[in-house]
Amino acid sequence: MSDKYTAYELQSFDYKSIAKTERTIPKPQGHQVLIRVKAVSLNFRELLVARGHYSKAIKTPLVPCSDGAGEIVAVGENTKKFKVGDRVMPNFMPDWHGGPPTLDGARTALGAFVDGMLQQYVVMDEASLVYIPEHLSYQEAATLPCAAVTAWNALFEKGDLQPGQTVLVQGTGGVSIFALQFAKMAGATVIATSSSDDKLARLKDMGADHLINYKTTEKWDAEVLKVTNGQGVDLVIEVGGSGTLEKSTNAVKFGGIICVIGVLSGAGGGVSPINLIMRSIDMKGIFVGSRTMFEAMNRAITNHKMRPVIDKTFEADQIIAALQHLESGAHFGKIVVNL
Ligand SMILES: NC(=O)c1ccc[n+]([C@@H]2O[C@H](COP(=O)([O-])OP(=O)(O)OC[C@H]3O[C@@H](n4cnc5c(N)ncnc54)[C@H](OP(=O)(O)O)[C@@H]3O)[C@@H](O)[C@H]2O)c1
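All of these numbers come straight from a predicted model, not from anything done at the bench.

Asks: Can you help me understand the nonpolar core in this one?
Replies: Here is a general trend for soluble globular proteins: nonpolar side chains tend to be buried in one another's company. Counting 55 residues, the largest nonpolar core has L144, L155, F182, I237 and M297 as the members making the most contacts within it. At 9 residues, the largest contribution of residues to this core is made by helix α4 (residues 144-157). Two domains each donate at least three residues to this core, and these are domain 1 (4-144 + 308-338) and domain 2 (159-285). Look past the residues within four positions of L155 in its chain and what remains in contact with it is D160, L161, V167, A179, F182, A183, L235 and I237.

Dropping the structure here:
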């Protein structure tokens, strides 16, 4: 059997530069395991990384993608928890196991500061891994590490969501669809926005309680106040960035929480401090989550037999077409790539 495998590398800051390369299969040492990666999923972050907009610290060539799922095919001599044949996913930040976030943990984020998952084999420390819930395929599992853990952290860790509260989710990308699914599982009321009436109909089928087309209802913040009897929502899952943040400060209730996650409509611009001060709004920055959060989320996913929403699956050689599909914004939920 050949000791070579296929990895995909971003050669320069343009996703069209992603090229197939050959690497030598590494041997796991000590507490490490060797994973045969079966599927990865794409996040908006892949576009930010490929455009050189994610961090100045990123260097090319780089194997992109934070999210992947696979099977353990070899183990180091000191592994205790995992064995050959186990189905696993690495945490987005392999060194953030639990507790509060740290800069050292953040600097291990896959597919940015270190090589990511768009390759057939990776070696990982077993402390960075979680088991795949039994009812999920590799493709479904590959959607979880970034978008789902981020939604989980925003709702239940930093957002402290309680049953009966009201949450606003924006658009129909990966983070927002997971936030809708988890919020409904937890007994919350969900207000969901989209630029497309067809997508709003799908959100309704998934249990969203109030739907707003943010293209045709430009003042969607006023609409949120209307459907909440002038009160506003308890929690905003804020993924829009500069184009939505100000309106989110209008749509949240007095003393409510905005979990600041994304920059889909831009990263610039300012937010007036007046609303934050006078309405006592709590704005919290979210950076994905720890392995401990990932494990807690997987228990809930298992208990509810929850299934991620996959929009479309591509083969690895179609990675550029897959990223074009992500960039178009036509998707609903997650885009997966088989390896
Ligand atoms: N902080 C973190 O840890 C973290 C983790 C994950 C993601 N993120 C960030 O969160 C954001 C979402 O990531 P993702 O991977 O879920 O994105 P995604 O799947 O690419 O989301 C795309 C969708 O977002 C919606 N959208 C675009 N502009 C919008 C706007 N102005 N208002 C409302 N919705 C809008 C559109 O939905 P419709 O077609 O329905 O309009 C679009 O289809 C990105 O900025 C990403 O970088 C941050």
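Asks: Help me understand the site of the ligand, please; the structure alone is not making it clear to me.
Replies: Neighbouring the ligand are 28 residues, the closest being T172, S194, Y214, I286 and V288. Between the ligand and the protein, one listed contact pairs an oxygen atom with a side-chain N or O atom of K199 at 2.8 Å. In this structure, V263 approaches the ligand through a main-chain N or O atom, which is 2.8 Å from an oxygen atom. With the chains in place, 89% of the 940 Å² that the ligand exposes on its own is no longer accessible.

Asks: Got a minute to help me understand the pattern of salt bridges in this structure?
Replies: Working definition: two side chains of opposite charge can pair if their charged atoms are close together. Applying the stated criterion across every chain yields a total of 13 salt bridges. Between D209 and K184 there is a salt bridge, with the nearest N and O atoms lying 2.8 Å from each other. Taken together, the residues span a long stretch of sequence, with D209 in the loop between α6 (197-205) and β10 (210-213) and K184 in helix α5 (residues 174-185) at a distance of 25 residues. According to the relative accessible area criterion, D209 is partly exposed, its value standing at 37%. Judged by relative accessible area, K184 falls into the partly exposed class, the value being 27%. In this structure, K253 and D234 form a salt bridge, with 2.6 Å as the shortest nitrogen-oxygen distance. Of this pair, K253 sits in strand β12 (residues 252-260) while D234 sits in strand β11 (residues 233-238); the two residues are 19 residues apart in sequence, bridging distant segments of the chain.

What counts and how
- Positions within a chain are numbered from 1, following the residues in the order the chain's sequence is written.
- Given that the model is predicted, a residue must reach a pLDDT of at least 70 before its local features are reported, and side-chain atom pairs must reach 80 or more before they are shown or counted; all residues, however, enter totals for whole chains, interfaces and linings.
- To obtain the side-chain values, all non-hydrogen atoms of the structure were used and water was disregarded.
- Buried Ala, Val, Leu, Ile, Met, Phe, Trp, Tyr and Cys residues that are joined via side-chain atoms within 4.5 Å together make up what is termed a nonpolar core.
- Exposed residues in this analysis have more than 50% of their type's maximum accessible area, buried residues have under 20%, and partly exposed residues fall in between, with area computed by a 1.4 Å probe over protein chains only.
- Only DSSP runs of H or I with at least four residues qualify as helices, and only runs of E with at least two residues qualify as strands; both kinds are numbered from the N terminus onward.
- The split into domains, and so the bounds of each, comes from an automatic or database assignment of domains.
- Contact definition: two residues touch when any of their heavy atoms are within 4.5 Å.
- Neighbouring residues are identified by heavy atoms, a residue being near a molecule or strand if any of them is within 4 Å of it.
- Polar contacts, as counted here, are pairs of nitrogen or oxygen atoms within 3.5 Å of one another; within protein the pair requires one atom able to donate a hydrogen and one able to accept it, and residues that are adjacent in sequence qualify only if both atoms are side-chain atoms.
- Methods summary: accessible areas were calculated by the Shrake-Rupley approach with a probe of 1.4 Å, and residue burial reflects only the protein chains presented.
- One speaks of a salt bridge when a side-chain nitrogen belonging to Lys or Arg is within 4 Å of a carboxyl oxygen belonging to Asp or Glu.

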